[in-house]
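# Coordinate analysis (summary)
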Amino acid sequence: MELLDVVMSCTINDTSIIIPENRMIFMMMESMFAGDIFEGLKMMHIGDSASFIVRADSTFYTLFREPSMPKEFSIDDMMKFEIKLNDFYPESELAAKQIQYMKNTYPSETLAAENELNKYFKDNNIKPKTTSTGLNYVITKEGNGIRPNVGTLIKVHYTGKLLDGTIFDSSVKRNEPFQFVLGIGQVIPGWDEGLQLLSKGEKAVLYIPYYLAYGDRGAGTIPPFATLIFEVELIDF
């Protein structure tokens, strides 16, 4: 199934904003009713911009899956979608596309983060291994050699830090291991990738770039564009 990367906005009667202009990624679908936006999307090429006028009632009932129309609108109202198609690709390419998008959109922030991390490695005499995505890691204790498969429920202990040493979260301090299903997006991409590299009982330090973590928005006490350090132990699966 293909994913669409678009910039989209939606209004009713050119005045009421239903969807503010925003970048979105969603799955291409078969048309839900005659003249819906998916019919229009099929006619677009990468880089195209288009406006689509569709029935508001049919869109609320099908695309938005609402049981009824909002009271302020009538069945005669029309909905206008403004769409620019940035890209489309198989779902399997999502992670790589997202990384490239972040790097292209924030080149100066990406360079600054890379320079900061390289300085950290030099200052602390750290020589990590690096994956194709940019994840850095150091194995600190060998495991039993058996690695979990994607879709496996795993149990992990971790301590998360910023490069300045600030601890923002720790299952070790709580004495409560964290469990999640590996490789299906329940955690940040750097975790999904990094924990697949470990075997049962193995310990490692993961150095996760912002585009494999919380991106340009950050999360809680984690600032935007932050490189994260995770000391992790794959306890069981």
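Residues numbered from 1 in each chain as written. Predicted model: local features only at pLDDT ≥ 70, side-chain atom pairs only at ≥ 80, totals over all residues. Heavy atoms only, no water.

Attention now goes to unusual backbone geometry. Working note: non-glycine residues mostly have negative phi, and peptide bonds are mostly trans. The residue Asn-125 is not glycine, and still its phi comes out positive at about 55 degrees. Under the relative-accessibility criterion, Asn-125 is labelled exposed at 63%. At Asn-175, a position not held by glycine, the phi torsion is positive, near 55 degrees. As for its position among the elements, Asn-175 is in the loop between helix H5 (171-174) and strand S9 (178-181). Judged by its relative accessible area of 64%, Asn-175 falls in the exposed class. (Buried < 20%, exposed > 50% of the residue type's maximum accessible area, 1.4 Å probe, protein only. Helix = DSSP H or I, 4+ residues; strand = E, 2+ residues; numbered from the N terminus.)

Moving on: helix H4 (residues 107-123). Helix length check: H4, at 17 residues, gives a terminal C-alpha distance of 24 Å against a target of 24 Å (1.5 Å per residue), a fit within 8%. Looking at H4, one finds that the buried residues are Thr-110, Ala-113, Leu-117 and Phe-121. The buried residues of H4 all sit within an arc of 75 degrees when viewed along its axis, so they share a single face. H4 presents Lys-119, Lys-122 and Asp-123 as exposed residues on the side facing more than 90 degrees away from its buried surface. Packing partners of the buried residues in H4 comprise helix H3 (94-105), strand S6 (136-141) and strand S10 (203-208). Phi turns positive one or two residues past the end of H4, at Asn-125, with a value near 55 degrees. (Expected span 1.5 Å × (residues − 1). Arc of directions from axis to C-beta. Contact = heavy atoms within 4.5 Å.)

This part is about the pairing of strand S1 (residues 2-12). Of all eleven residues making up S1, nine are buried, and the element is well covered by its neighbours. As judged from the eleven bridges shared by S1 and strand S4 (residues 78-90), these two strands associate in the antiparallel manner. The residue bridging Ser-9 from the neighbouring strand is Glu-82, located in S4. Sheet analysis places S1 next to strand S2 (residues 16-27), joined by nine bridges and oriented antiparallel. Across the sheet, residue Leu-4 finds its bridge partner in S2, namely Phe-26. (Pairing = 2+ DSSP bridges.)

The next thing to look at is the sheet that holds S4. Here we have four strands laid out as an open sheet, ordered S2-S1-S4-S3, and antiparallel in their pairing. Of all the strands in the sheet, just S2 and strand S3 (49-55) have a single pairing partner and so form its edges. Across this sheet, the average inter-strand angle for adjacent strands is 20 degrees, counted without regard to direction. (Axes fitted to C-alpha atoms, helices over the stretch in contact; angles between N-to-C directions.)

With that settled, consider a nonpolar patch on the surface. A contiguous nonpolar surface patch, about 290 Å² in accessible area, is contributed by Met-1, Met-27 and Met-29. Residue position: Met-27 is located in strand S2. (Patch = residues over 30% accessible without salt bridge, like charges linked within 9 Å, V, L, I, M, F, W, Y side chains within 5 Å. Areas by Shrake-Rupley, 256 points an atom, 1.4 Å probe, with all protein chains shown as cover. Salt bridge = Lys/Arg side-chain N within 4 Å of Asp/Glu carboxyl O.)

Trp-191, Leu-195, Ile-208, Phe-230 and Val-232 are the most contacted members of the largest nonpolar core, which has 30 residues in total. Counting residues per element, the ones that place at least two in this core are H3, strand S7 (153-162), helix H6 (189-196), S10 and strand S11 (228-236). Among residues more than four places away in sequence, those in contact with Val-232 are Val-156, His-157, Tyr-158, Trp-191, Leu-198, Glu-202, Lys-203, Ala-204 and Leu-206. Within the second largest apolar cluster, 22 residues are counted, among which are Met-28, Ile-37, Met-44 and Met-69. (Core = buried A, V, L, I, M, F, W, Y, C linked by side-chain atoms within 4.5 Å.)

As a further point, take the packing of aromatic side chains. Per the counting criterion, the structure on display carries 17 aromatic pairs. Look at Phe-60 and Phe-73: their rings are 6.3 Å apart centre to centre, the planes differ by 25 degrees, and that puts the pair in the stacked class. Of this pair, Phe-60 sits in helix H2 (residues 56-61) while Phe-73 sits in the loop between H2 and S4, placing them 13 residues apart in sequence. Assessed through its relative accessible area of 6%, Phe-60 is described here as buried. Classification of Phe-73 by relative accessible area gives buried; the value is 13%. (Phe/Tyr/Trp six-rings, centres within 6.5 Å; stacked < 30°, edge-to-face > 60°.)

The next subject is the side chain of Asp-5. The topology assignment puts Asp-5 in strand S1. Here Asp-5 falls in the buried class, since its relative accessible area comes to 5%. The residues contacting Asp-5, other than those within four sequence positions of it, are Arg-23, Met-24, Ile-25, Lys-84, Leu-85, Asn-86, Asp-87 and Tyr-89.

Here we come to the environment of Ser-9. Assignment of secondary structure puts Ser-9 in strand S1. Beyond its immediate chain neighbours, meaning those up to four positions away, Ser-9 contacts Ile-19, Pro-20, Glu-21, Lys-80, Phe-81 and Glu-82.

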